[in-house]
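Structure at a glance
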Amino acid sequence: MLAAMSGMGSSMADIVGAAAAVQKVASKGKEAVMVVVRMRPFNKKEKSEGRGPCIQIHKSLGQCQILNPGKEDAPPKSFTFDAVFDMDTVQKNFYEESCYDLVDNVIEGFNGTIFAYGQTGCGKTWTMQGPPEGGELRGVIPNSFEQIFENIKADPETEYLIRCSYLEIYNEEIRDLLGDDTKAKLDLKEDPDKGVHVKGLTDKVVGDVKGINDVMDAGFSNRTVGATLMNEGSSRSHAIFTVIVEANSVVNGKDHFRKGKLNLVDLAGSERQSKTGATGDRLKEGAKINLSLSALGNVITALVDGKGKHIPYRDSKLTRLLQDSLGGNTKTLMIAAISPADYNYEETLSTLRYANRAKNIKNKPKINEDPKDAMLREYKDEIERLKAALEAASQGNPNPFQMAAMAAPAMAPAQDNDDGDGEGGPPPGMSASPPPGMSAGPPPGMSGAPPPGMMAGPPPGLTPGAPPGMASGPPPGMSMSGPPGMAGPPPGMSAGPPPGMAAGPPPGMAAPERVVEYVEKAGETVVVEKVVEKVVEVAVVPKEFEDQKAALEEYNRSVVEQRNKLGQELMGKDEAIQKEKNQMEEMKRRLEGLKQKVMGGMGIPAEEGAEDEVEMQLAKKERERRRMQAKLRAKKRKEEQLEREREQAEREKQDAQDELAAAQEQVVSGEAQ
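Okay, so let's go over this structure. Please read all numbers here as calculations on a predicted model, not as lab measurements.

Rules and cut-offs
- Residues numbered from 1 in each chain as written.
- Predicted model: local features only at pLDDT ≥ 70, side-chain atom pairs only at ≥ 80, totals over all residues.
- Heavy atoms only, no water.
- Axes fitted to C-alpha atoms, helices over the stretch in contact; angles between N-to-C directions.
- Helix = DSSP H or I, 4+ residues; strand = E, 2+ residues; numbered from the N terminus.
- Left-handed = near helix turned anticlockwise from the far one by under 90°.
- Contact = heavy atoms within 4.5 Å.
- Nonpolar A, V, L, I, M, F, W, Y, C, P; charged D, E, K, R; others polar.
- Phe/Tyr/Trp six-rings, centres within 6.5 Å; stacked < 30°, edge-to-face > 60°.
- Buried < 20%, exposed > 50% of the residue type's maximum accessible area, 1.4 Å probe, protein only.
- Salt bridge = Lys/Arg side-chain N within 4 Å of Asp/Glu carboxyl O.
- Polar contact = N/O pair within 3.5 Å; in protein donor to acceptor, adjacent residues only side chain to side chain.

Two elements in contact, helix H3 (residues 91–98) and helix H6 (residues 140–153), have axes whose closest approach is 10 Å; the angle formed by their N-to-C orientations is 65 degrees. The hand of the H3/H6 crossing is right-handed. Only Val140, Asn143, Ser144, Glu146 and Gln147 of H6 make contact with H3, whose side of the interface consists of Lys92, Phe94 and Tyr95. Looking at the contact of H3 with H6 residue by residue, the class counts come to three nonpolar, three polar and two charged.

Describing an aromatic ring pair means giving the distance of the ring centres and the angle of the ring planes. This structure, assessed with the given rule, holds five aromatic pairs. Seen in terms of ring centroids, Phe79 and Phe81 are 6.4 Å apart; in terms of plane orientation they differ by 20 degrees. Their pairing is stacked. By relative accessible area, which is 9% here, Phe79 ends up buried. Seen in terms of ring centroids, Phe85 and Phe94 are 4.9 Å apart; in terms of plane orientation they differ by 75 degrees. Their pairing is edge-to-face.

Let us look at the pattern of salt bridges. Tallied over the full model, the rule gives 15 salt bridges. Glu146 serves as the salt-bridge partner of Arg138, at 2.3 Å between the closest nitrogen and oxygen. Since its relative accessible area comes to 23%, Arg138 is described here as partly exposed. Among the ionic pairs, Arg646 bridges to Glu643, the shortest N-O distance being 2.6 Å. One end of the pair is Arg646 and the other is Glu643, both in helix H16 (residues 610–672) and three residues apart, which spans about a single turn. Each of Lys45, Glu49 and Arg51 takes part in salt bridges that share partners, so that together they form one network.

For the rest of this paragraph, the subject is the side chain of Asp266. Here Asp266 lies in strand S16 (residues 254–266). On the basis of relative accessibility, which here comes to 4%, the residue Asp266 falls in the buried class. Only 2.8 Å separates the side chain of Asp266 from the side chain of Arg223, close enough to count as a polar contact. The residues contacting Asp266, other than those within four sequence positions of it, are Lys124, Thr125, Met128, Arg223, Ser235, Ser237, His238 and Ala239.

Right, here's the structure in full:
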């Protein structure tokens, strides 16, 4: 009989070992949701009322014990978590020990979610956000911003793009806290590439810690809050601040993209109307909050139990948005915020049970490599297109004004600008070269030929110079002045007209004009008559010259029209050049803007100088130090967990041995009887 019992114990051990091996294989590639508990200090109200504690924190064991104030003789209920923090824990230490590893994984391309859960007024927003003044008291969200940008500074070889969004779920309505209309209702959509997302949600690209803090502050000021008996600034909505970290590193000459998403969730607290004293809108808000938290609890229960394939993610907007964080491709950290006061015993016990179930959820996180919707890839492609466009523009056609000046001599009519020296040339004061800023040649698109229908040179039958049969200047043998030594008429000739010619001006000469002036004096008008000799030489021009003159005038008019047309074309070219310059400047500004958004690598240039190099090296060392500390903490937690499991196994082994010994004694006593 004893041998049989001994064999039974051995077979049971084999079964347990086999079950453990099967579970290990099944959980390969999965990791549990990490759960930590943080207890806040007593607030003023609790101190004034003389409230006592109901919680005991054992940090070294990762254990939290709760005492029932109504049953002092009842044993405490114990819960074990990944880490527990008492009321003396400072913000920085809490972040380093619980959140640093997860944010580091997001930078490496994993999805991560940190959310705080607990009753109203238990310190969730303080833990996640911290006070407005920040500093050493800043919470998880601003500390994660600092960590992200410190890593970027320490990794100048990698290109980064950081963007963020901020939303709240108020009365089961999704609102954009960064949008123009923060009260507008947004819709949830599902996409094969993007997964579950909010349509029309504002996405902000940020380039430094200050920029992302400004975005967070702007959104936080739009969040819905209200006063209750338990909390003057009670959050009346669930808020999710999402940071997307896109990175590109060049491996073997090829781009290697990855994208991590960090969801920072501040849940509104569960509440009881009897304690909050909520009425009207506050009561409706509390009912909606409790309803969504209940849906979250149902999802956690369904994931842990594993009895059915259906997980009720669609029961609320909150669980729909956190779908990937609970059982999906995400590393998840749950912060259970609790109150130490004994009059919150029921709510604290509910929170601990809630968190204890959540730690059994298994997620399947993986690095998001080469994502299809990476905005960094789009920015890089656009940067390359802009660079190519600017390069092409810089190697384009020459200045159109230079081309216009080159065509000027070819289009001008043939003219002899005689200045009296017997040589053709420009008028006095004018140079033969084109005006400043213009070179020889017609404008772009214009040739040196005359307008259509006009031929080069003077009209038909008209040649340059004097008319046919006439030489330029006075007749041969005569000069333009009188004979030498003669001041008047020659001897034997009178000053009058020759015989046979009438007095008066010769043919073609006009008679003197008579001009009458009226001079007014006091009391009378005096008429003064003057004779003014006005000699007009009238040249007798043959009719064919008149026709040639008309043709020449028509030619000149066509030249003027052509000149005006060329002027308009030059103005058009000038406007086109200016437009092209403006487009180039716009492309340059856009290129610089994109480079500012893409940090590291080809983006924000590394500051020059030894001082900046030292800062970068210090940032690298600080990152390595913090990572080493995180590894040591993780190793310590693992060792503590293994020690707890060993102790638990020892206790179970001792219990089994005690039961076996008791059974053996019963068998022996039975056989003796």
